[in-house]
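# Architecture at a glance
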Amino acid sequence: MSNSIFRKKTIKKILDDCASGFSDAEHSGGSHLKKELNVKDLTLMGIAAIVGAGIFSTIGLAAFDGGPGVTILFVLTAVTCGFSALCYAEFASRIPVAGSAYTYAYASFGELIAWIIGWDLLMEYAIGNIAVAVSWSTYFVNLMEGFHIHIPAYLTMDYYSAFTAHSQVADFTKSHNLAGITDTIRQGALAWNTAPGFGGFRLIANIPALAIVIGITYLVYIGIRETKRATNGMVILKVAIVIAVIAIGFFYVTPANWHPFLPNGFSGVMKGVSGVFFAYIGFDAISTTAEECREPQRDLPRGMIYSLIICTVLYILIALVLTGMVSYKNLKVGDPLAYVFNQVHLPIISYVISFSAVIATASVLLIFQLGQPRIWMSMSRDGLLPKIFSRIHPKYHTPSFATIVTGFVVGVPALFLNLTIVTDLTSIGTLFAFVLVCGGVLLLPKEAAKAGRFKLPYINSKWIVPIGFICFSIFFRKDLVDMFSGKGSKDDLPFFLFIILSTVLTVVCFIKNLSLIPVLGLLSCFYLMTELGYTNWLRFLIWLVVGLVIYITYGYKHSVLGKGESPAC
């Protein structure tokens with residue numbers, strides 16, 4: 001028995017456990033996960049997870065801050081995600097089991113870090129899906145309005161938003177500032193005033209958001225084959241619509257709108273990090289389906305990389321169309337794609353985009369509702385969560401209990417909450433996972449390439465990273481001088497941590513000749529984390545502390561590895 005909180009599982013042990021069954025809870029009745037997925041399915045799942053609410057909403061604010069130069073940010077973010085995707089691919093080829101970054105961390109860093117990353121992924125998937133469900137509800141309600149089907153306002157939003165809007169209308173009216181009442185505030189006040197209730201209480205809830213979560217959870221529950229078919233259909237439809245939108249939009253581009261290309265400088269472009277990165281989140285989720293792939297060591301890496309390349313091309317083209325059709329100054333709207341086509345008097349295209357957004361956000365919800373139960377399942381197999389979470393349904397061959405819990409965890413908050421911080425929290429959680437995966441690859445033992453299996457190419461970082469560090473120091477010299485002269489603020493603390501990390505890694509690269517790709521992935525992801533601000537770091541740390549309390553009180557005591565049922569590394 002190992003008492004160390006950093007006890008590891010060897011890759012051999014993980015693969016042996018996968019072959020023989022992890023627990024009585026998982027394999028009671030001889031139930032196993034079905035192997036249904038090939039490289040085409042995985043690529044489409046990756047696109048399904050990536051192309052969603054981000055491209056239909058957050059790209060507008062990113063373009064407003066960065067101007068046409070936001071295309072540079074899409075390229076930088078794609079490169080950053082590409083480094084991480086290659087590291088995920090290396091892990092997926094060596095450890096083709098469910099669990100994604102959680103399982104990878106268990107093999108490279110040990111149990112405590114594995115728990116932290118598993119807890120982090122649960123936050124990322126759950127909070128992200130709450131946001132997607134709420135976003136889907138907004139698009140769905142707007143689409144129904146286009147068909148002259150009116151859903152009462154009090155059934156389409158959360159209680160707090162309606163109450164706040166009601167109070168704001170009263171304040172604006174009292175101060176005779178009716179111009180301050182926006183359409184959003186007016187809609188919220190309408191929900192409050194028309195909602196049934198008694199006394200001071202109003203019955204207000206986001207019913208469409210709950211409905212889509214229930215529908216998607218049921219689809220994920222009844223089988224991977226049904227999920228695959230639904231995903232493939234939705235992806236083909238939404239990609240066709242996106243390509244059509246790009247093609248039509250280019251006919252209405254005014255090149256003068258692309259000047260100036262960087263109206264707010266590089267700093268303006270970087271303000272959109274959260275929104276643009278949110279638009280890329282998802283390719284990593286397909287790694288949770290490793291045990292349902294026919295050839296995981298070959299197909300998982302290909303699926304992740306193919307989906308990332310396809311989505312990057314689409315994103316760059318969409319960003320060019322948006323900023324070319326109207327001035328970037330007008331793109332601070334919640335539905336930028338629909339907005340630009342309304343501006344060029346093509347409302348029919350706007351309706352088509354609303355329909356596409358409904359499909360796109362539903363497919364994102366589908367993939368993350370598929371991925372989260374498999375992380376619960378993997379943590380349960382290792383004893384860090386109760387055994388019931390790894391139960392496999394005897395008929396549908398899915399993690400049944402974990403899927404139902406995921407439905408409740410996402411559906412109930414989506415019914416009542418309005419989370420304005422969701423994008424940032426989801427982004428910082430994902431970037432943290434990417435940092436650990438890239439760092440974990442550096443700890444893996446060297447292994448020769450094998451036929452039919454992905455192998456991360458080795459590039460010596462001995463001189464490249466030090467030279468890059470010097471160039472970085474010159475480029476950010478003003479920020480560094482301000483920081484060390486005491487002129488900085490607490491918001492500079494994440495950047496200070498990045499300087500420490502990059503300095504240490506530069507020295508280690510020079511001494512140990514580390515592989516370049518995971519080093520660049522680690523550094524670039526950590527840098528993007530620094531752009532998310534001190535407040536989001538604080539919220540993220542609070543979430544991790546809550547997770548540590550749960551690990552200490554339950555996970556550490558019930559760990560299969562700690563009990564000696566599985567040998568430590």
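## Observations concerning the overall build of the protein chain
Looking only at helices and strands, the protein chain features 23 helices and two strands. When the 569 residues of the protein chain are sorted by exposure, 57% land in the buried category. Taking contacts inside the protein chain between residues at least 6 apart in sequence as the whole, the part at least 24 apart equals 84%. Surface summary for the protein chain: the accessible area is close to 23,600 Å², and the carbon and sulfur share equals 68%.

## Brief notes about the packing of aromatic side chains
In this structure the tally under the stated criterion is 21 aromatic pairs. Ring centres of F74 and Y315 lie 5.5 Å apart, and the angle between their planes is 55°; on these two criteria the pair is classed as tilted. With F74 in helix α5 (residues 70–94) and Y315 in helix α14 (residues 296–325), this pair connects stretches of sequence that are 241 residues apart. Classification of F74 as buried rests on a relative accessible area of 1%. Residue class for Y315 comes out buried when judged on its relative accessible area of 1%. Here F472 and Y527 contribute two aromatic rings whose centre-to-centre distance is 6.3 Å and whose plane-to-plane angle is 85°, an arrangement assigned as edge-to-face. Linking F472 in helix α19 (residues 464–475) with Y527 in helix α22 (residues 516–530), this pair joins segments that are 55 residues apart in sequence. By relative accessible area, which is 17% here, F472 ends up buried.

## Side note on the environment of L442
Locating L442 in the fold gives a position in helix α18 (residues 422–443). In the structure, L442 is positioned 72 residues away from L514 in sequence and 7.1 Å away in space, judged by C-alpha atoms. When residues no more than four places from it in sequence are discounted, the contact partners of L442 are L514, S515, P518 and V519.

## Concerning the layout of surface pockets
Unoccupied space between atoms shows up once a probe the size of one water molecule is rolled over them. Each pocket or cavity is described by its volume, and for the second largest pocket that value is around 680 Å³. As for the second largest pocket, its lining consists of 22 residues, and the residues nearest its centre are F472, F498, L523, S524 and Y527. Counting residues per element, the ones that place at least two in the lining of the second largest pocket are α5, α12 (265–270), α19, α21 (493–512) and α22. Examining the composition of the lining of the second largest pocket, we find that seven residues originate from one element, α19, more than from any other. Considering only residue class, the lining of the second largest pocket consists of 18 nonpolar, four polar and no charged.

## Some remarks on the packing of α5 against α14
Two quantities define a packed helix pair, namely the angle between the axes and the distance from one axis to the other. Axis separation between α5 and α14 bottoms out at 9 Å; the angle between their running directions is 175°. Put simply, α5 runs roughly antiparallel to α14. Taken together, the residues of the contact of α5 with α14 sort by class into 20 nonpolar, five polar and no charged.

## Looking at the confidence of the model for the protein chain
Averaged over all residues, the pLDDT of the protein chain equals 80, while 88% of them reach at least 70. Taken together, the stretch residues 23–30 has pLDDT below 50 and engages in 14 contacts with residues farther than four places along the chain or on a different chain.

## A short note on the packing of α19 against α21
With their axes 9 Å apart at the nearest point, α19 and α21 run at an angle of 150° to one another. With respect to their mutual orientation, α19 and α21 come out roughly antiparallel. In this structure, α19 crosses over α21, and the sense of that crossing is left-handed. The residues of α21 that touch α19, namely those facing V465, P466, F469 and F472, are F495, F498, I499, S502, T503, T506, C509 and F510. Across the contact of α19 with α21, the residue classes break down as nine nonpolar, three polar and no charged.

## Focus on the nonpolar core
The biggest cluster of nonpolar side chains holds 165 residues, and the ones touching the most others in it are Y88 and F283. Membership of the second largest hydrophobic core comes to eight residues, among which are A153, Y154, M157 and I204.

## A word on the pattern of salt bridges
Inspection of the entire model under this criterion finds one salt bridge. With a closest N to O distance of 2.8 Å, E111 and R7 form a salt bridge. Taken together, the positions of E111 in helix α7 (residues 111–146) and R7 in the segment before α1 (11–20) put the pair 104 residues apart, joining distant regions of the chain. Using a relative accessible area of 3% as the deciding quantity, one classes R7 as buried.

## Some remarks on the environment of G272
With respect to the helices, strands and loops of the structure, G272 is situated in the loop between α12 and α13 (273–278). Overall, G272 belongs to the buried group, its relative accessible area being 4%. Apart from the residues lying within four places of it in its own chain, the contact partners of G272 are A62 and L73.

## As for a nonpolar patch on the surface
Side chains of I72, L76, F261, L262, F266 and F475 sit close together on the surface and give an oily, nonpolar patch of about 520 Å² of accessible area. Secondary-structure assignment places L262 in the loop between α11 (224–250) and α12. Residue classification places L262 among the partly exposed residues on the basis of a relative accessible area of 37%.

## So, α19
Relative to the 16 Å expected for 12 residues at 1.5 Å per residue, α19 spans 16 Å between its end C-alpha atoms, a close match to the ideal helical length. Of all the residues in α19, the buried ones are V465, P466 and F472. End-on view of α19: buried residues confined to an arc of 120°, all on one side of the axis. In α19, the exposed positions angled more than 90 degrees off the buried face are occupied by I467, I470 and F475. At its buried positions, α19 is contacted by α21 and α22.

## Thoughts on the side chain of Q372
Within the secondary structure, Q372 is located in helix α16 (residues 347–381). By relative accessible area, which is 0% here, Q372 ends up buried. Sequence-distant contacts of Q372, that is, excluding residues within four places in its chain, are made with L122, Y125, A126, T406, V409 and V410.

## Here's the deal with unusual backbone geometry
Of note, the amide linkage connecting H259 to P260 takes the cis form, showing an omega dihedral of 0°. Residue placement: P260 occurs in the loop between α11 and α12. Of note in this structure, H345 is not a glycine but carries a positive phi near 60°. Along the polypeptide, H345 turns up in the loop between α15 (336–343) and α16. In this structure, N513 is a non-glycine residue whose phi angle is positive, near 55°. When you line up the elements, N513 lands in the loop between α21 and α22. Judged by its relative accessible area of 28%, N513 falls in the partly exposed class.

Scoring rules and cut-offs
Residues numbered from 1 in each chain as written. Predicted model: local features only at pLDDT ≥ 70, side-chain atom pairs only at ≥ 80, totals over all residues. Heavy atoms only, no water. Helix = DSSP H or I, 4+ residues; strand = E, 2+ residues; numbered from the N terminus. Buried < 20%, exposed > 50% of the residue type's maximum accessible area, 1.4 Å probe, protein only. Contact = heavy atoms within 4.5 Å. Areas by Shrake-Rupley, 256 points an atom, 1.4 Å probe, with all protein chains shown as cover. Phe/Tyr/Trp six-rings, centres within 6.5 Å; stacked < 30°, edge-to-face > 60°. 1 Å grid on protein atoms, 1.4 Å probe; cavity = no way out; pocket = protein on both sides within 12 Å on 5 of 7 lines; lining within 4 Å. Points joined across faces, edges and corners; volume = space filled by probe spheres on them. Nonpolar A, V, L, I, M, F, W, Y, C, P; charged D, E, K, R; others polar. Axes fitted to C-alpha atoms, helices over the stretch in contact; angles between N-to-C directions. Parallel < 35°, antiparallel > 145°, perpendicular 65-115°, else oblique. pLDDT = per-residue confidence, 0-100. Left-handed = near helix turned anticlockwise from the far one by under 90°. Core = buried A, V, L, I, M, F, W, Y, C linked by side-chain atoms within 4.5 Å. Salt bridge = Lys/Arg side-chain N within 4 Å of Asp/Glu carboxyl O. Patch = residues over 30% accessible without salt bridge, like charges linked within 9 Å, V, L, I, M, F, W, Y side chains within 5 Å. Expected span 1.5 Å × (residues − 1). Arc of directions from axis to C-beta.

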